[in-house]
Amino acid sequence: MEIEEDKFGHGTIKPTSFYPSEIEKTKLNWFCYELALSFDLAIRSKLGKKLKRRYGIDEEEIADFCIYFAKKMKEIILQKLSGEIETVYFSYDLIETYFPRLRDRMINKILDVVAEAWDEQLSFCERCPTRCVTEKDEYCTMFDEGPY
């Protein structure tokens, strides 16, 4: 399967994975797209070789996981914003469910890498004028700026 690369150099993670319809082109969905890219880069650079060698998990599977995980994080972010939970968390169970063959130690490493990527992404967001989280329901024009 040939993988197209977008303008950021990522193959299988596309903005289109984060909006099933035009009305879903929101800033929060763009944030989730950016989050998936951050997770993907961090996991591939820090754990990619081990995941491939020990578990047979390739870059495409990592990218698919990052899309899945970022979409699940959207639910957690919305819970935080609504006051249902006090802090954002990263679920061990989500990783274990997606990759049932992984050992506890590798899942913990993924959690550490994801947490680092989350912190890094938030540090970028602090300086960004787009305000993807605070204006979460607003239309996001970046989805229209392709090509993807």
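Residue indices follow the written sequence of each chain, beginning from 1 at its first position. In view of the model being predicted, local features appear only for residues whose pLDDT reaches at least 70, and side-chain atom pairs are presented and counted only at 80 or more, with totals across whole chains, interfaces and linings using the full set of residues. With hydrogens and water set aside, each side-chain value is computed from the structure's full complement of heavy atoms.

## What about the packing of helix H1 (residues 27-55) against helix H2 (residues 59-82)?
Then, number 1: Contact geometry of H1 with H2 gives a least axis separation of 8 Å together with a crossing angle of 135°. Put simply, H1 runs oblique to H2. Seen along the crossing, H1 lies across H2 with a hand that is right-handed. Touching Leu28, Asn29, Phe31, Cys32, Leu35, Ala36, Phe39, Asp40, Ile43, Arg44, Gly48 and Leu51 of H1 are Glu59, Ile62, Ala63, Phe65, Cys66, Ile67, Phe69, Ala70, Met73, Lys74, Ile77 and Leu78, all from H2.
Then, number 2: By residue class, the composition of the contact of H1 with H2 is 18 nonpolar, 2 polar and 4 charged. Between N-to-C directions, angles cover 0 to 180 degrees, with each direction set by a line fitted to C-alpha atoms, over the stretch in contact for helices. A helix here means a DSSP run of H or I that spans at least four residues, while a strand means a run of E at least two residues long, and both kinds are numbered starting from the N terminus. In this scheme, roughly parallel covers angles under 35 degrees and roughly antiparallel covers those over 145, while 65 to 115 is roughly perpendicular and the rest are oblique. Handedness of each helix crossing follows the sense of rotation of the near helix against the far helix: counterclockwise by less than a right angle gives left-handed, clockwise gives right-handed. The contact definition used throughout considers only heavy atoms, calling two residues in contact when any of these lie within 4.5 Å. Each residue is assigned to one class: nonpolar for Ala, Val, Leu, Ile, Met, Phe, Trp, Tyr, Cys and Pro, charged for Asp, Glu, Lys and Arg, and polar for all the others, Gly among them.

## As for helix H4 (residues 104-127)
Three- or four-residue spacings in an α-helix give side chains the same orientation, since the helix completes a turn every 3.6 residues.
Then, number 1: By this rule, a helix spans an expected 1.5 Å times one less than how many residues it contains. Spanning 24 residues, H4 covers 36 Å between terminal C-alpha atoms, matching the ideal 34 Å at 1.5 Å per step.
Then, number 2: Among all positions of H4, only Met106, Ile107, Ile110, Leu111, Val113, Val114, Ala117, Trp118 and Gln121 are buried.
Then, number 3: Where the residues of H4 are buried, they touch H1, H2 and helix H3 (92-98). Burial classification: accessible surface area is computed with a 1.4 Å probe over protein chains only, and a residue below 20% of its type maximum counts as buried, one above 50% as exposed, and the rest as partly exposed.

## With respect to the pattern of salt bridges
Then, number 1: A pair is scored as a salt bridge if a Lys or Arg side-chain nitrogen falls within 4 Å of a carboxyl oxygen belonging to Asp or Glu. This model, assessed by the stated rule, comprises 8 salt bridges.
Then, number 2: With its nearest N and O atoms 2.5 Å apart, the salt bridge here joins Lys27 to Glu135. With Lys27 in helix H1 and Glu135 in the segment after H4, this pair connects stretches of sequence that are 108 residues apart.
Then, number 3: Taking relative accessible area as the criterion, Lys27 reaches 12% and is therefore assigned buried.
Then, number 4: The class for Glu135 is partly exposed, based on a relative accessible area of 24%.
Then, number 5: Close ionic contact of Lys46 with Glu116 constitutes a salt bridge, the shortest N to O distance being 2.6 Å.

## As for the packing of aromatic side chains
Then, number 1: In this analysis, rings of Phe, Tyr and Trp, with Trp reduced to its six-membered ring, are considered paired at centre separations within 6.5 Å, and the interplanar angle assigns stacked below 30 degrees, edge-to-face beyond 60, and tilted for intermediate values. According to the stated counting rule, one finds 13 aromatic pairs in the structure shown.
Then, number 2: With centroids separated by 5.7 Å and ring planes inclined at 75°, the aromatic side chains of Phe90 and Trp118 adopt a geometry described as edge-to-face. Of this pair, Phe90 sits in the loop between H2 and H3 while Trp118 sits in helix H4, and the two are 28 residues apart along the sequence.
Then, number 3: In textbook terms, an aromatic cluster arises when at least three aromatic residues are bridged by ring pairs, as seen for Phe39, Phe65, Tyr68, Phe69, Tyr98 and Phe99.
Then, number 4: Comment: the charge-over-ring label is applied if NZ (Lys) or CZ (Arg) is within 6 Å of the ring centre and within 35 degrees of the ring normal. The residue whose ring lies beneath Lys71 is Phe18, and the NZ or CZ to ring-centre distance is 5.7 Å.

The values are spatial; any link to function lies outside them.
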